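A structural walkthrough
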Amino acid sequence: MCGIIGYTGKRQAAPILLDGLKMLEYRGYDSSGIAVSENGGISMTKAKGRLDNLVKLTDGGKSARGTMGIGHTRWATHGEPSDVNSHPHIGEKGNFALVHNGIIENYLDIRAFLCAKGFTFRSQTDTEAVVQLLEYYYKGDVKEAIAKTLNKLRGSYALGILTRFDPDTFYAVRKDSPLVIGLGDGENFIASDMPAVLKYTHDFILPEDGDIAVISPTKVELFNRNGETVEHKPFKVDWDVESAEKGGFPHFMLKEIHEQPKALEQTLLPRFDGYSVKSDGIEFSKEYLGALKKIFIVACGSSYHAAMVGKYFIERNCRISTEVDLASEFRYRSPVLDENTLTVVISQSGETADTIAAMRDAKAHCSRVLAIVNVVGSTIAREADDVLYTRAGPEIAVATTKGYTTQVATLMLLGLFIADATKSMSKALYEKYVDELKALPAAVQRVLDENVEALQKLAYDYFAFDKTFFIGRGMDYALALEGALKLKEISYIHAESYAAGELKHGTISLIEKGSPVIACATGEELFEKTLSNIKEVRSRGASVIALVKEGREKTMGAEAQHVVSLPALSDEMMPCVAAAALQLFAYYVAAAKSCDIDKPRNLAKAVTVE
Ligand code: AGP
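What you are looking at is a predicted structure, and each value in this text was computed from that prediction instead of being measured.

1. Re the sheet that holds strand β27 (residues 562–566)
Judged by pairing direction, the sheet is parallel, and its five strands sit side by side in the order β24-β23-β25-β26-β27 without closing on themselves. At either margin of the open sheet sits one strand with a lone partner, and together these are β24 (494–499) and β27. Across the sheet, the axes of successive neighbouring strands diverge by a mean angle of 20 degrees, strand direction being ignored. When strand β23 (residues 467–472) meets β24, the two strands line up parallel, connected through six bridges. Each bridged residue has a counterpart across the sheet, and for F470 the counterpart in β24 is S497.

2. Some thoughts on the sheet that holds strand β1 (residues 3–8)
The strands making up a sheet associate through hydrogen bonds between their backbones, and the pairing can be parallel or antiparallel. Judged by pairing direction, the sheet is antiparallel, and its eight strands sit side by side in the order β3-β2-β4-β1-β10-β9-β11-β15 without closing on themselves. Edge strands, defined here as strands with exactly one partner in the open sheet, are β3 (41–48) and β15 (235–236). Taken together, the four bridges between strand β9 (residues 180–183) and strand β10 (residues 188–191) define a ladder with antiparallel strand orientation. Counted as the bridge partner of V180 is A191 from β10. Along the sheet face, helix α1 (residues 13–24) touches β1, β2 (31–38), β4 (68–74) and β10 and points at about 155 degrees away from the line of β1.

3. Observations regarding the pattern of salt bridges
Within this structure, the stated rule accounts for 34 salt bridges. Residues R331 and D354 are paired through a salt bridge, measuring 3.2 Å at the closest nitrogen-oxygen approach. One end of the pair, R331, is in the loop between α10 (327–330) and β20 (341–347); the other, D354, is in helix α11 (residues 353–364), with 23 residues separating them in the sequence. Across the pair, exposure class does not vary: R331 and D354 are buried alike. Counted as one network, the salt bridges with shared partners bring together R174, K175, D176, D209, R360 and E383.

4. Thoughts on the packing of aromatic side chains
By the definition in use, this model includes 16 aromatic pairs. Ring geometry for Y7 and F189: centres 5.3 Å apart, planes at 55 degrees, overall tilted. Here F189 lies in strand β10 and Y7 lies in strand β1, a separation of 182 residues in the sequence. Residue class for Y7 comes out buried when judged on its relative accessible area of 0%. The exposure class assigned to F189 is buried, which follows from its relative accessible area of 0%.

5. Observations concerning empty space enclosed by the protein
Scanning the entire structure with this criterion turns up four cavities of 30 Å³ or more. By volume, the second largest cavity amounts to about 100 Å³. If you go around the second largest cavity, you meet 15 residues; those closest to its centre are C2, W75, T77, G102 and D126. Broken down by element, the lining of the second largest cavity gets its largest block of residues, three residues, from strand β6 (residues 96–104). When the residues that make up the lining of the second largest cavity are grouped by side-chain class, the tally is five nonpolar, eight polar and two charged.

6. Digging into unusual backbone geometry
Omega for the peptide link from H87 to P88 comes to 5 degrees, which places this bond in the cis form. Among the structural elements, P88 can be located in the loop between β4 and β5 (89–90). Even without being glycine, R319 reaches a positive phi, approximately 55 degrees. Within the secondary structure layout, R319 lies in the loop between α9 (301–318) and β19 (321–326).

7. Re the environment of V197
With respect to the element layout, V197 can be found in the loop between β10 and β11 (203–205). Placed 410 residues apart in sequence, V197 and V607 show a C-alpha to C-alpha distance of 21 Å. Aside from chain neighbours lying at most four places away, what touches V197 is I5, F189, I190, A191 and F204.

8. Let's talk about the site of the ligand
Contacts to the ligand come from 14 residues, most closely from S303, S347, S349, T352 and E489. For the ligand, an oxygen atom lies 3.1 Å from a polar atom in the backbone of S302. In the environment of the ligand, an oxygen atom lies 2.8 Å from a nitrogen or oxygen atom belonging to the backbone of Q348. Here the ligand is seated within the largest pocket. Among the elements of the structure, α9 and α15 (475–491) are those that each provide at least two residues to the shell around the ligand. Split into classes, the residues belonging to the shell around the ligand amount to four nonpolar, eight polar and two charged.

9. Concerning the side chain of S303
By secondary structure assignment, the location of S303 is in helix α9. Separated by 3.0 Å, the side chains of S303 and Q407 make a polar contact. Here S303 is in contact with I346, S347, Q348 and Q407, once residues within four sequence places are set aside.

10. Here we look at the pairing of β1
Among the six residues that make up β1, six are buried, leaving the element largely enclosed by the rest of the structure. Taking every second residue as pointing to the same face, both faces of β1 are buried, with G3, I5 and Y7 on one and I4, G6 and T8 on the other. In this structure, β1 lies alongside β4, joined through six bridges in antiparallel fashion. Each bridged residue has a counterpart across the sheet, and for I4 the counterpart in β4 is H72. Bridge analysis of β1 against β10 gives four bridges, and the strand direction is antiparallel. Paired with I5 across the bridge in β10 is A191.

Cut-off values and rules
Residues numbered from 1 in each chain as written. Predicted model: local features only at pLDDT ≥ 70, side-chain atom pairs only at ≥ 80, totals over all residues. Heavy atoms only, no water. Pairing = 2+ DSSP bridges. Helix = DSSP H or I, 4+ residues; strand = E, 2+ residues; numbered from the N terminus. Axes fitted to C-alpha atoms, helices over the stretch in contact; angles between N-to-C directions. Contact = heavy atoms within 4.5 Å. Salt bridge = Lys/Arg side-chain N within 4 Å of Asp/Glu carboxyl O. Buried < 20%, exposed > 50% of the residue type's maximum accessible area, 1.4 Å probe, protein only. Phe/Tyr/Trp six-rings, centres within 6.5 Å; stacked < 30°, edge-to-face > 60°. 1 Å grid on protein atoms, 1.4 Å probe; cavity = no way out; pocket = protein on both sides within 12 Å on 5 of 7 lines; lining within 4 Å. Points joined across faces, edges and corners; volume = space filled by probe spheres on them. Nonpolar A, V, L, I, M, F, W, Y, C, P; charged D, E, K, R; others polar. Near = heavy atom within 4 Å. Polar contact = N/O pair within 3.5 Å; in protein donor to acceptor, adjacent residues only side chain to side chain. Sits in = over half its atoms within 2 Å of the grid points.

All we've got here are geometric facts, nothing functional implied.
Following this line, the structure appears as structure tokens:
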């Protein structure tokens with residue numbers, strides 16, 4: 001997804017813009033650019049390809065003089081990656097320059113309307129239609145021109161807007177695309193997310209959809225489209241700058257894999273008061289829980305895989321029918337929703353367009369929505385009825401790791417909270433789970449301490465394969481899905497995940513001599529069944545890596561060529577424990593292939609378009 005950044009203050013803007021764009025690289029991009037107000041005009045520099053190209057063109061920001069500017073990393077949606085299609089885009093009369101994250105759905109109509117008025121377009125982008133519309137509507141009042149332009153737009157946008165009329169004031173607007181306003185001392189910022197400017201401030205305002213922000217070095221004012229003032233309370237984030245930097249690791253992904261014990265600790269431990277789970281953001285009444293008939297858990301990607309684990313835990317222990325759905329499917333299949341349905345939406349970024357739309361659909365059908373998100377103040381966090389934050393800290397790598405494990409842990413907390421309120425679980429089992437959740441960070445730490453070398457070696461044995469199979473049953477199937485996604489998204493190896501019991505219904509025809517199969521057999525309950533499936537693939541020549549609980553190595557060793565032994569907690573805890581091993585395996589395979597691990601091709605950290 002595109003990244004936007006803006007600055008006004010007493011310092012040179014360009015180096016700060018480049019700094020911020022560097023922190024936004026993980027969002028995925030194919031070109032970049034900055035625009036700086038100087039000498040009563042707007043100077044622009046844009047470059048296709050990596051951000052370094054822009055840094056070189058601007059001599060590290062030294063060549064663009066001025067204390068106010070905007071910047072952009074573009075993830076091409078309309079028009080191929082090129083200098084002319086890169087942002088910022090400047091209006092025909094040179095009055096406005098803007099950067100945009102999102103999609104203007106009716107840009108062709110706007111272009112036709114403006115061409116009929118004599119405007120000409122240089123790029124193929126939807127964004128240029130916005131800046132030209134500003135030029136068209138501008139009759140002397142910038143805010144009025146912006147309001148009129150917004151009334152014409154359909155789609156999603158976070159905009160940073162420079163005008164040549166304001167030497168130190170710029171504008172920002174958002175609708176359905178993320179935007180934060182950073183508050184400094186004599187300087188102010190905008191960015192697509194907080195880590196981009198965390199180096200300069202920990203104080204932020206979150207504009208709502210439709211707000212028009214007027215940002216000068218000493219003041220931030222917000223207006224609605226009728227020109228009325230809008231107030232939003234500033235808040236401080238406690239993320240430290242280091243957590244948004246690599247901290248000596250070669251990649252953010254490896255750093256974040258190793259941050260999981262701390263992330264799990266931060267997510268879990270403050271929520272226990274002895275054996276009770278604190279509500280902490282959940283306002284369910286006992287009557288509501290008593291009348292609850294159905295739970296939907298809706299998400300995308302790895303968050304969907306976390307949802308699958310949550311389903312097993314909640315359905316088994318709370319005895320409430322629980323269904324998991326991909327957000328992009330949920331919103332189009334007219335699910336049966338009412339006031340006795342709880343919709344849980346899961347999103348690390350809190351900005352995934354499909355999940356936002358599914359949440360809004362659920363709310364429109366009277367279902368209460370609980371969000372499990374990582375980014376404070378994200379769109380999903382602000383629109384849900386209840387919010388359970390995963391306290392993983394900023395996650396920069398596109399491939400989620402600590403985001404996923406803290407989501408699974410939070411779903412189990414939710415399950416315990418519901419089970420305790422509805423008395424659906426025995427005291428002994430409830431307390432056992434609480435003890436094990438408290439032990440989870442240490443178990444994951446052991447995986448990281450004891451398996452790196454073996455997994456690195458396995459990765460070097462397997463990285464040349466062009467396809468891999470992941471199999472598992474029950475929660476191990478959900479784990480296998482996540483393991484397959486991790487591998488394919490950063491190493492580009494085709495990795496297919498299958499319910500182990502389903503293999504014989506077709507896919508086993510693909511197994512041949514040497515086929516690599518990662519078998520997730522961490523669950524005790526289905527261990528023997530999975531062992532049979534491993535025998536099935538072994539008898540057809542597969543090369544098997546099996547993940548098991550410690551104590552099961554010997555049994556498995558007779559079947560699988562390689563066994564990864566994991567700290568033994570209850571079956572429900574194992575997806576979190578085993579995920580760390582699968583993450584490391586994927587990481588080292590991708591490293592062996594010299595892939596761009598933190599910024600895999602075609603992917604973005606937050607998919608803010610449908
Ligand atoms: C996971 O490694 C991927 N980056 C992707 O599947 C991600 O989980 C998905 O896009 C959902 O993102 P979200 O959790 O921010 O909503």
